[in-house]
Each structure stands twice: as structure tokens, then as C-alpha cells.
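Structure assessment
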Amino acid sequence: MDLTLYNTLTKTKETFEPMTPGRVGMYTCGPTVYNYAHIGNLRTFLFEDLLARTLRFNGYDVTHVMNITDVGHMTSDADAGEDKMETAARRENKDPWQIARFYEAAFVRDLERLNIRRPDVLPRATEHVEEMIALNRQLEEKGFTYQTREGLYFDTSKDDDYGKLMPRLDRDNQLVGAREAVNVDPEKRHPGDFVLWFGNKPGHIMQWESPWGVGYPGWHIECSAMSMKYLGETFDIHCGGIDHIPVHNTNEIAQSESATDKPFVRYWMHAAFLNLGTKKMAKSAGSILTVQALIDSGYDPLAYRYLCLQAHYRSPLEFRWTWNEDGKTGRAQSLDTAQATLQRLYERVSHAEDDPLANETAYTQAYNEVLGYLNDDIALPQAVATLHTYNSPRLWRAFDPVLGLDFESRAKPRVEEAAPEDVLALVEQREQARKAKDFARADALRKEVAALGWEVADSPQGPTLKRR
Ligand SMILES: [Zn+2]
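Thoughts on the layout of surface pockets
Approximately 630 Å³ is the volume attributed to the largest pocket. Considering the residues around the largest pocket, the lining is formed by 28 residues, among which P31, T32, N41, F45 and D243 are closest to the centre. Broken down by element, the lining of the largest pocket gets its largest block of residues, four residues, from helix 1 (residues 39-57).

Section: empty space enclosed by the protein
Enumeration according to the criterion identifies four cavities of 30 Å³ or more in this entry. Roughly 110 Å³ of volume is contained in the largest cavity. Those elements that provide at least two residues to the lining of the largest cavity are helix 1, helix 9 (301-309) and helix 12 (380-390). Ranked by residues supplied to the lining of the largest cavity, first place goes to helix 1 with four residues. Taken together, the residues that form the lining of the largest cavity break down as 12 nonpolar, one polar and one charged.

Examining the packing of helix 6 (residues 219-231) against helix 7 (residues 245-260)
Packing of helix 6 against helix 7 leaves a shortest axis separation of 8 Å and a crossing angle of 55 degrees. Relative to helix 7, the element helix 6 lies oblique. Between helix 6 and helix 7 lies a crossing whose hand is right-handed. Across from W219, H220, I221, C223, S224 and M228 in helix 6, the residues of helix 7 making contact are V247, H248, N251, E252, Q255, S256 and T260. Among the residues making up the contact of helix 6 with helix 7, the classes are represented as five nonpolar, seven polar and one charged.

Thoughts on the coordination of the zinc ion
Protein coordination at the zinc ion: the donors are C29 (SG), C223 (SG) and H248 (NE2), at 2.0 to 2.2 Å from the metal. For the zinc ion, all donor residues lie on one chain, and their spacing in sequence is C-x193-C-x24-H. With C29 in the loop between strand 3 (23-28) and helix 1 and C223 in helix 6, this residue pair connects regions lying 194 residues apart in the sequence. Under the relative-accessibility criterion, C29 is labelled buried at 4%.

A look at the packing of aromatic side chains
Two measures describe an aromatic ring pair: the distance that separates the ring centres and the angle between the ring planes. Using the criterion set out here, one finds 26 aromatic pairs in the structure. With a centroid separation of 6.1 Å and an interplanar angle of 80 degrees, the aromatic rings of W396 and F407 are classed as edge-to-face. Here W396, found in helix 13 (residues 393-403), pairs with F407, found in helix 14 (residues 407-410); they are 11 residues apart in sequence, far enough to count as distant. Each member of the pair, W396 as well as F407, is classed as buried. Of the aromatic side chains, those joined through ring pairs into one cluster are Y299, Y304, F319, W321 and W323. Sitting over the ring of F102, K94 keeps its end group 4.8 Å from the ring centre. Here the guanidinium or amino end of R394 rests over the ring plane of Y363, the centre of that ring lying 3.7 Å away.

Describing the confidence of the model for the protein chain
With 95% of its residues at a pLDDT of at least 70, the protein chain reaches an overall mean of 91. For the stretch residues 176-180, pLDDT sits under 50, and the model shows eight contacts to residues farther than four places along the chain or on other chains.

A word on helix 9
Of all the nine residues making up helix 9, nine are buried; the element is thus mostly covered by neighbouring parts of the structure. Buried within helix 9 we find P301, L302, A303, Y304, R305, Y306, L307, C308 and L309. Two or three places before L302, at the opening of helix 9, D300 has a side-chain oxygen 2.8 Å from that residue's backbone nitrogen.

A closer look at the nonpolar core
Among the nonpolar cores identified, the biggest contains 82 residues, and L51, L55, I237 and L335 are the most heavily contacted of them. Looking at this core, the element that brings in the most residues is helix 1, giving nine residues. Among residues more than four places away in sequence, those in contact with L55 are L3, F16, V24, M26, Y60, V62 and I237. Membership of the second largest hydrophobic core comes to 42 residues, among which are M74, I133, M166 and L196.

What to know about the pattern of salt bridges
Throughout the structure, instances matching the rule amount to 34 salt bridges. For D300, the salt bridge identified is with R410, shortest N-O distance 2.5 Å. With D300 in the loop between helix 8 (291-296) and helix 9 and R410 in helix 14, this pair connects stretches of sequence that are 110 residues apart. Owing to a relative accessible area of 37%, R410 belongs among the partly exposed residues under this scheme. Where D458 meets R430, a salt bridge forms, and the shortest distance between an N and an O atom there is 2.9 Å. In this pair, D458 sits in strand 14 (residues 454-459) while R430 sits in helix 15 (residues 421-435), placing the two residues 28 residues apart along the sequence. D458 sits in the partly exposed class, given a relative accessible area of 40%. For R430, a relative accessible area of 6% translates into the label buried. Put simply, R430, E431, R434 and D458 are held in one network by salt bridges that share partners.

Here is what the cut-offs are and how they apply
- Residues numbered from 1 in each chain as written.
- Predicted model: local features only at pLDDT ≥ 70, side-chain atom pairs only at ≥ 80, totals over all residues.
- Heavy atoms only, no water.
- 1 Å grid on protein atoms, 1.4 Å probe; cavity = no way out; pocket = protein on both sides within 12 Å on 5 of 7 lines; lining within 4 Å.
- Points joined across faces, edges and corners; volume = space filled by probe spheres on them.
- Helix = DSSP H or I, 4+ residues; strand = E, 2+ residues; numbered from the N terminus.
- Nonpolar A, V, L, I, M, F, W, Y, C, P; charged D, E, K, R; others polar.
- Axes fitted to C-alpha atoms, helices over the stretch in contact; angles between N-to-C directions.
- Parallel < 35°, antiparallel > 145°, perpendicular 65-115°, else oblique.
- Left-handed = near helix turned anticlockwise from the far one by under 90°.
- Contact = heavy atoms within 4.5 Å.
- Donors = N, O, S within 2.8 Å, 3.2 Å for Na, K, Ca; no water.
- Buried < 20%, exposed > 50% of the residue type's maximum accessible area, 1.4 Å probe, protein only.
- Phe/Tyr/Trp six-rings, centres within 6.5 Å; stacked < 30°, edge-to-face > 60°.
- Lys NZ or Arg CZ within 6 Å of the ring centre and 35° of its normal.
- pLDDT = per-residue confidence, 0-100.
- Polar contact = N/O pair within 3.5 Å; in protein donor to acceptor, adjacent residues only side chain to side chain.
- Core = buried A, V, L, I, M, F, W, Y, C linked by side-chain atoms within 4.5 Å.
- Salt bridge = Lys/Arg side-chain N within 4 Å of Asp/Glu carboxyl O.

Here it is as C-alpha cells:
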């Protein structure tokens, strides 16, 4: 079955065809590890996990690379302000290296809690500075750069198709300089030009030698250098949040294609936001809504995963959260509902014995229907609704490699232990007594069975036995 994906670059749904049959190279912009991940950011990572799982479900051998940004991401995406790592280091009175390792570990833990499969490669920016310098050199040799006292810039006027990822209107706005930035470098030539290498920041703790002076790489060059190192100069899929389209991903394309003269990425995919409405209590001011906060509030992180399955990745997901007085826990009605549905689902899926899709033809038809939604630009809301309609434990399990709801360990079928002969004999005697309407004797026999550690119950198919 064909898989179609919406490509931000062409602004259409396209049939997916990888460069190498059977294999997919996929790069996703990773976290800047200066704080805990917000559940809104995690929605994007969750989408990327669902995409990678869908590709694998379709038989592709996927190499998923996600970077860890541990230097160079400024407080404004447009190079202004200060490196987020340094701000965090000051806030917590640690050095930026400690901050980076601490929040990277917290991020990986959050992925696990949401049953997001760990990417195959998680390269750290600080461990790839050499590759970034090499790429900047290539750009410099080809005449795409200029240097100011602040650092090395990419000259967007030299790149003919700069901004092609953006909608036309955004592109024009950006090129006339509608983007407001504080502390703009007065030597910068065009408003869209961006930093490849920050020099002249003597207070910055993370520093490296470079042909443009001691300094550190810009955020955008990090993703170009690391994605091409692990996936090649042209690769299949690049993902990010929609906020990455106008600046970060646009600049990645400019750098990579100017350096290599090859198309950088074949399919660009972007996830919409989680629109978070929070009711703040005094104590929650400044609190980030994290996975830990969900757990502390009594939620299963997979309830959040389930909730995200119910909105298409290109549609915003509205989420209302009310903090409690303690400023650490809270409630969301949509999560209450998601959690209750998920619990019922685990219960349902553990009862494989009464499956409405017992007939193979009916099962195959239903399976293809769900797969059809999944392969139509990852239409998970329709896929999940269809799974609910069929209500088949076998079908739910079949799609769990994509859904990631962990039926394997959470919805275990109750394996009936074989009862010993003496217990079975007593059950048989009880059946005879019941048929003879000798209920006093039947009840006495039930108690004898109970004394041996078994519980007998009656069903339309006859008596059932289970361990007490
Ligand atoms: Zn990136």
C-alpha cells in the first residue's frame, strides 16, 4: 500500500518514495537541553516517533537521527540575545556542561515514559564542532559568507532560492526585514542573514578555536552538519515543529544546498503546536508543564500519548490545564477522559476470547482500512476511531507497533492455569448438583473448591475456573 506524506516544501501530499528502496534516513530537530521538556515540545517528538513507527510498520529500515543542542541556541531563534545554555547555567549556578548533561538525561527519560522509541543516533552539537567548522569553511570558499566583529554570517542575498520552505508571504516579510530583533549586529548586511559562527563573546564558557576566532557555532549550522554527517548530503525526511519553518529549517536548507549544490532534504514534515491554556496559581507561576508534573498529578504518561493520537499532527491540539494550589500538580479534563478510555482499552484488549473479527476475511478488511488511514499522511485520529469501532483486541494489538500504547505488558491476556484433577472432579460434581437443583450441595462443593485455592464461576458456556 502506498504511503502519502504532506511535504512542507511542495505544500502537497506526495507518495513517499525513499532514495534507496527499503531504507529511510530521517532527521528530526532535537531539544535544546537547557531545561525540562515542556509537554508541548514533546507533542512534536511524539509525532516524529509515530512517523518513524509508521515507516517501520510499512517495512522500511529507518535510521532516525535526532540532535542534542547543547550550545549555540540563542534566546531568540534569530541569533539575538544570549545562548540558552549560559542563561540556564547562571540560573542554576552550574556550568553549561553540567546543565547540558542533566537535561539531556531528563529528556531521554521523558521519551521513555512516553514510549517514544530512542532515536538510533543522538549526536551532541558540542561533539561535532569540527564538522561545523568544515562546513562553514566550504561556504566561505564558495563565497556565501562574510565576517563582522560579531562573527561569521551567511549572506542570504547569494542564495537564489533562499526561503523556499516558507509560504510566499512570510518569505517576503522576512526579506524586507519585518522580523524584529534586539541587539542586531550593525555590520549585518541583510535582515535575513544569520550567524554561522559566533566570535567575540569573551564571557561565553563553551568556546572552540576556529578560522574566525575563538567562539562557538550557530544553531542552524549544527543541524546541517550533523544531519549530513549521519545521513548523507541528500536524505529522505527532515522533521521539526512548525515554528522551525521560517528561520531554523530555512537556514539549514540555505547552508546545506549552498555548500553541496545538491538538494538537502526530499520530504520536510512539520508538527503543529499544542495550544496550552493554563490557569496559573501563584505558586505555579513560571512552572513548566512537564511529564513529571503529569505523573505527580496521577496521570499515566501514556494517557498523554493517547490524547495526542486523537489530533492530526498538522492540526493544533487544544489543551487546558489547571494548576492546583501546590503549584506542582494539576488537572486536565481531556487527560481524565484519555486516561479512562485507555484503562478501558487495556481491559478490552486483555480479553482476546470474544473478538468480533474472528472471521479472517473480515479481519483483513478491517486491518487494511486502519492501515489506509495510517498511510494517508498519518491520519491517526481516523485510524484510532476505526479501531474503536471494530473493538477487536487482535486488531488493536496488530497496530500497537505504531500506536505505542504498550498492550504487550499492560493488557496481558489472562492465561488460565490448568486446574488439578481433584479440583476438576469437584467442579464436575457441582455441575451435577446444579443440574439436579441441589443448590445447597452445589454451594458446599463451591466452598470445597475455594478451600483448594480455586474460584468457580458460571458463564453461559459453563463453569469457569480461576486461581483465587
Ligand atoms: Zn535543527
